[in-house]
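# Coordinate inspection notes
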Amino acid sequence: MMNWLGYGSEEGTPELTSEDAKKAAAVVGAENGDEFKDALEDDDVDASKTFEVSAEELTIIRKELETQFPDDCTYLSDAYILSVASKPYSKDPTKRRPLEYSMEKLTNVMEWRAQEGAPEMEALVKLANGPEDAPEAVEKPEKLAKAKALATALNYAGLYFHGLTKDGRPVLWVRTNRMPWYPDVDAQCNALITLADAGIRAMPEGVTDFICISDSSYPPPPNPTFLIKLLKALVKGYPDRLKTLWSAPVSSVIQFVMNLLLPLMPGRLASKVVLLDLDSVRDKLKDTLMNGEEDIPTFFGGPCEHDKFFPEEASAENQGKGNLKFDYFGMVERLVQARKEFEASKK
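Given the structure is predicted, the values throughout are model-derived calculations rather than measurements. (Residues numbered from 1 in each chain as written. Predicted model: local features only at pLDDT ≥ 70, side-chain atom pairs only at ≥ 80, totals over all residues. Heavy atoms only, no water.)

This part takes up the environment of Arg-241. For Arg-241, the position within the fold is in the loop between helix H9 (224-237) and strand E6 (242-248). Not counting chain neighbours up to four residues away, the residues in contact with Arg-241 comprise Tyr-75, Leu-76, Tyr-80, Ile-200, Met-203, Thr-208, Asp-209 and Phe-210. (Helix = DSSP H or I, 4+ residues; strand = E, 2+ residues; numbered from the N terminus. Contact = heavy atoms within 4.5 Å.)

Take a look at the structure:
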């Protein structure tokens with residue numbers, strides 16, 4: 001097992017050129033670390049400690065969110081709101097956060113979502129899946145262009161949710177060998193927002209975070225602009241949503257990316273990212289995935305064939321009359337079914 005400070009490398013994985021390294025380091029080095037502060041957590045408090053939040057207080061928060069964000073107020077579950085409101089107060093860790101302080105934290109997340117257009121992402125997927133002569137497509141060409149770019153980013157099938165863990169967390173899979181070398185940064189981040197929201201909506205009751213597992217064989221050269229925007233999305237739009245991220249195998253590219261971003265990351269987020277060798281990740285997957293060894297994908301040496309649901313773009317067919325090839329709606333249906341089965345097993 002490798003963490004950020006324990007390096008290793010698997011044979012056959014690509015190496016990073018010195019030119020790529022210099023360019024990426026220059027761009028990331030110019031960033032202001034204050035931009036990457038966690039939107040919800042305070043690094044100087046014990047996040048594992050919680051205090052009681054009454055039903056009346058939860059109702060107050062809910063009503064305020066409904067007033068400020070009527071079109072997106074259902075995005076935050078009660079469990080997630082309670083996980084934020086129950087934390088210790090940074091100015092006095094012996095007390096719970098004031099309600100106003102929690103509201104400010106949650107409002108920051110919702111404002112980020114509004115600025116990034118998160119609530120409309122699934123509608124864009126539907127638009128991209130329809131004909132170009134549909135009334136909305138004709139009347140709003142800029143929206144259609146954004147939708148088509150989003151579909152193109154999804155079509156790489158380098159990111160998708162599939163299955164749950166034994167404790168009901170959705171699993172986000174990353175296939176780095178499928179990711180583009182020269183990404184449309186905005187479209188790629190919009191794809192992540194689309195998928196993250198789908199995974200969050202499909203969470204079983206009481207679950208507030210997901211895990212991410214990356215097959216990091218043959219990653220593309222690091223794109224610093226994309227990495228920066230991705231990190232900002234995690235800390236500003238999806239704080240405390242990532243339970244853990246396991247990446248295998250270890251390569252010079254992945255090591256470089258991790259060390260590049262580590263100084264910018266909030267401490268709690270950095271501690272969630274672990275680099276693993278292939279044997280270690282298989283052991284962890286066996287212990288973590290819902291059906292154990294049966295759920296380990298073929299690209300990690302297991303029997304589960306993900307490509308049946310998420311083939312490479314060249315092998316995929318259009319889902320509708322537009323340019324969407326990625327089976328987004330099938331992914332959502334399978335997540336919902338997995339949630340129902342998990343919740344039924346707990347009754």
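Right, let's talk about the nonpolar core for a bit. Of all hydrophobic cores here, the largest spans 89 residues; its most connected members are Trp-173, Ile-213, Leu-285, Phe-300, Phe-326 and Met-331. If one sorts the elements of this core by residue count, helix H8 (residues 185-201) sits on top with eight residues. In this structure, Phe-326 is in contact with Leu-154, Asn-155, Ala-157, Leu-159, Tyr-160, Leu-195, Phe-310, Gln-319 and Met-331, ignoring residues within four places of it in sequence. (Core = buried A, V, L, I, M, F, W, Y, C linked by side-chain atoms within 4.5 Å. Buried < 20%, exposed > 50% of the residue type's maximum accessible area, 1.4 Å probe, protein only.)

With that settled, consider the sheet that holds strand E4 (residues 170-175). Strands in a sheet are paired, the pairing made by backbone hydrogen bonds, and the direction either parallel or antiparallel. With mixed pairing, five strands are arranged side by side in an open sheet as E3-E4-E5-E6-E7. Where the open sheet ends on each side, the last strands, each with one partner, are strand E3 (159-164) and strand E7 (273-275). Taking the axes of each pair of neighbouring strands and ignoring which way they run, one obtains an average angle of 20° across the sheet. Packing against the sheet, helix H12 (residues 278-288) makes contact with E4, strand E5 (210-215) and E6, and its axis sits at approximately 145° to E6. (Pairing = 2+ DSSP bridges. Axes fitted to C-alpha atoms, helices over the stretch in contact; angles between N-to-C directions.)

The subject of this paragraph is the packing of helix H2 (residues 55-68) against helix H4 (residues 99-116). With their axes 11 Å apart at the nearest point, H2 and H4 run at an angle of 35° to one another. As for how H2 packs across H4, the hand of that crossing is right-handed. Two secondary-structure elements touch here, H2 through Glu-57, Ile-60, Ile-61, Glu-64, Leu-65 and Gln-68 and H4 through Leu-99, Met-103, Leu-106, Thr-107 and Met-110. A breakdown of the residues in the contact of H2 with H4 according to their chemical character gives seven nonpolar, two polar and two charged. (Left-handed = near helix turned anticlockwise from the far one by under 90°. Nonpolar A, V, L, I, M, F, W, Y, C, P; charged D, E, K, R; others polar.)

A separate point is the pattern of salt bridges. By the definition in use, this model includes 18 salt bridges. Note that Glu-136 is salt-bridged to Lys-143, the shortest N-O span being 2.6 Å. A relative accessible area of 32% means that Glu-136 is categorised as partly exposed. With its nearest N and O atoms 3.1 Å apart, the salt bridge here joins Arg-175 to Asp-307. Of the two residues, Arg-175 is situated in strand E4 and Asp-307 in the loop between H12 and helix H13 (328-345); the sequence distance between them amounts to 132 residues. For Asp-307, a relative accessible area of 32% corresponds to the partly exposed category. Connected through shared salt-bridge partners, Asp-72, Arg-113 and Asp-197 make up one network. (Salt bridge = Lys/Arg side-chain N within 4 Å of Asp/Glu carboxyl O.)

As a further point, take the packing of aromatic side chains. Enumeration according to the criterion identifies eight aromatic pairs in this entry. Residues Tyr-160 and Phe-310 carry aromatic rings whose centres are separated by 4.0 Å and whose planes lie at 10° to one another, so their mutual orientation is stacked. Of the two residues, Tyr-160 sits in strand E3 while Phe-310 sits in the loop between H12 and H13, which places them 150 residues apart along the sequence. A relative accessible area of 0% means that Tyr-160 is categorised as buried. With a centroid separation of 5.5 Å and 85° between ring planes, the pair formed by Phe-161 and Phe-210 is classed as edge-to-face. On the criterion of sequence distance, the pair formed by Phe-161 in strand E3 and Phe-210 in strand E5 is long-range, its members being 49 residues apart. Given the relative accessible area of 1%, Phe-161 is considered buried. Residue Phe-210 is classed as buried on the basis of its relative accessible area of 5%. An aromatic cluster is defined as three or more aromatic residues linked by ring pairs; in this entry it consists of Tyr-160, Phe-310 and Phe-326. (Phe/Tyr/Trp six-rings, centres within 6.5 Å; stacked < 30°, edge-to-face > 60°.)

Looking now at helix H7 (residues 141-155). Its 15 residues give H7 an end-to-end C-alpha distance of 21 Å, which sits within 8% of 21 Å, the value for a rise of 1.5 Å per residue. Summarising the contacts, the buried residues of H7 are in contact with helix H5 (121-128), helix H6 (135-139) and H8. (Expected span 1.5 Å × (residues − 1).)

Right, let's get into the pairing of E5. Within E5, six of the six residues are buried, which leaves it mostly tucked inside the rest of the structure. Side chains Phe-210, Cys-212 and Ser-214 project from E5 onto one buried face, and the interleaved Ile-211, Ile-213 and Asp-215 project onto a second face that is buried too. Read from E4 through H8 to E5, the crossover connection turns out right-handed. Examined bridge by bridge, E5 and E6 share six bridges and lie parallel to one another. Its bridge partner lying in E6, Cys-212 is registered against Leu-245. What joins E5 to E6 is H9, and the crossover it makes is right-handed. (Right-handed = clockwise from strand over helix to strand, strands pointing away.)

Attention now moves to the pairing of E6. Among the seven residues of E6, five are classified as buried, and the element is accordingly described as predominantly covered. With three bridges connecting them, E6 and E7 associate as parallel partners. Bridge pairing in E7 places Leu-245 opposite Val-273.

Attention now goes to H2. Between its first and last C-alpha atoms H2 spans 20 Å; for 14 residues at 1.5 Å apiece the expected length is 20 Å, and the two agree. For H2, the complete set of buried residues consists of Leu-58, Ile-61, Arg-62 and Leu-65. All buried residues of H2 lie within an arc of 100° about the axis, which places them on one face of the element. The outward face of H2, more than 90 degrees from its buried face, is lined by the exposed residues Glu-56, Lys-63 and Thr-67. Summarising the contacts, the buried residues of H2 are in contact with helix H3 (78-85) and H4. (Arc of directions from axis to C-beta.)

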